[in-house]
Amino acid sequence: MDALLPVILRWLHIASMAVLLGGVFYAVAFAGDLAPGFKRVAYTAIGGILVSGIMNFMRRSSFPPHYHAWFGIKVLLALHIFAVILTYRGKRRALVGVVISGALVLAISAYLRFLTMA
Ligand code: HEM
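**Q** How would you explain the overall build of the protein chain if you had to name every residue and give the values?
**A** From N to C terminus, the protein chain includes four helices and zero strands. What you see in the protein chain, going N to C, is helices and strands ordered as α-α-α-α. The C-alpha atoms of the protein chain give a radius of gyration of 15 Å, which matches the 13 Å a tight globule of 118 residues would have. For the protein chain, the spread of C-alpha atoms along the principal axes amounts to about 45 × 30 × 20 Å. Put simply, the protein chain has 118 residues, and 19% of those count as buried. Considering only contacts in the protein chain between residues 6 or more positions apart, those separated by 24 or more positions represent 72%.

What follows is the structure, encoded as structure tokens:
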């Protein structure tokens, strides 16, 4: 039963970020623009990422060296992603920026996971 909340939070975090980054990647690589109605889905996904991310962070009782520095960079990049999507007005270049920031956030998240498992 102890595993239930962490598993639900992990699921929410990964499902939300897959929907958010997947939708933007599809626009950049294939469709040329965000799909109609994507913004509404994106608001929900951003909410899911924020709730699960903040709860994940607050549930942690100890932090390995360098954790906070990389976590801070990750959150700044995530804020860039959220801001671009929320204020998007059709500029393709901005979406390419989201894809790049998204790839960096994923790499940093993998490293944070490695730090906490080591
Ligand atoms: C687009 C934005 C984001 C993406 C793509 C993303 C992606 C990820 C991924 C893939 C993981 C690893 C999940 C796992 O292996 O269990 C993760 C973990 C995590 N994320 Fe995010 N995340 C994003 C935003 C955020 C935000 C805004 C916060 C906090 C405010 C946050 C906090 C965390 C925490 C605390 C972990 C656990 C790291 C650890 O292993 O210690 N994330 N994230």
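Now that the structure is up, let's keep going.
**Q** Go over the nonpolar core with me, naming the residues and quoting the values.
**A** Judged by nonpolar contacts, the single largest core of 14 residues is most densely connected at Leu-20, Val-24, Ala-42, Ile-85 and Val-98. Of all the elements in the fold, those that place two or more residues in this core are α1 (4-31), α2 (38-59), α3 (67-86) and α4 (92-117). Look past the residues within four positions of Leu-20 in its chain and what remains in contact with it is Ala-42, Ala-45, Ile-46 and Ile-49.

**Q** Which residues make up the environment of Ser-52, and what values do they have?
**A** Locating Ser-52 in the fold gives a position in helix α2. A residue is classified by how many C-beta atoms lie within 10 Å of it, and Ser-52, with 20 of them, is buried. Apart from residues lying up to four places away in sequence, Ser-52 is in contact with Leu-9, Leu-12, His-13 and Ser-16.

**Q** Got a sec to walk through the site of the ligand? Specific residues and values, please.
**A** As a structural note, the neighbourhood of the ligand is formed by 22 residues, with Met-17, Gly-53, Asn-56, Ala-78 and Ser-109 the closest of them. Those elements that provide at least two residues to the shell around the ligand are α1, α2, α3 and α4. No other element matches the seven residues that α4 contributes to the shell around the ligand. Along the lines of polarity and charge, the residues of the shell around the ligand split into 14 nonpolar, six polar and two charged.

The rules we used
Residues numbered from 1 in each chain as written. Predicted model: local features only at pLDDT ≥ 70, side-chain atom pairs only at ≥ 80, totals over all residues. Helix = DSSP H or I, 4+ residues; strand = E, 2+ residues; numbered from the N terminus. Rg over C-alpha atoms; globule rule 2.2 N^0.38 Å. Buried ≥ 20, exposed ≤ 12 C-beta atoms within 10 Å, placed from the backbone. Contact = placed C-beta atoms within 7 Å. Core = buried A, V, L, I, M, F, W, Y, C linked by C-beta atoms within 7 Å. Near = placed C-beta within 6 Å. Nonpolar A, V, L, I, M, F, W, Y, C, P; charged D, E, K, R; others polar.

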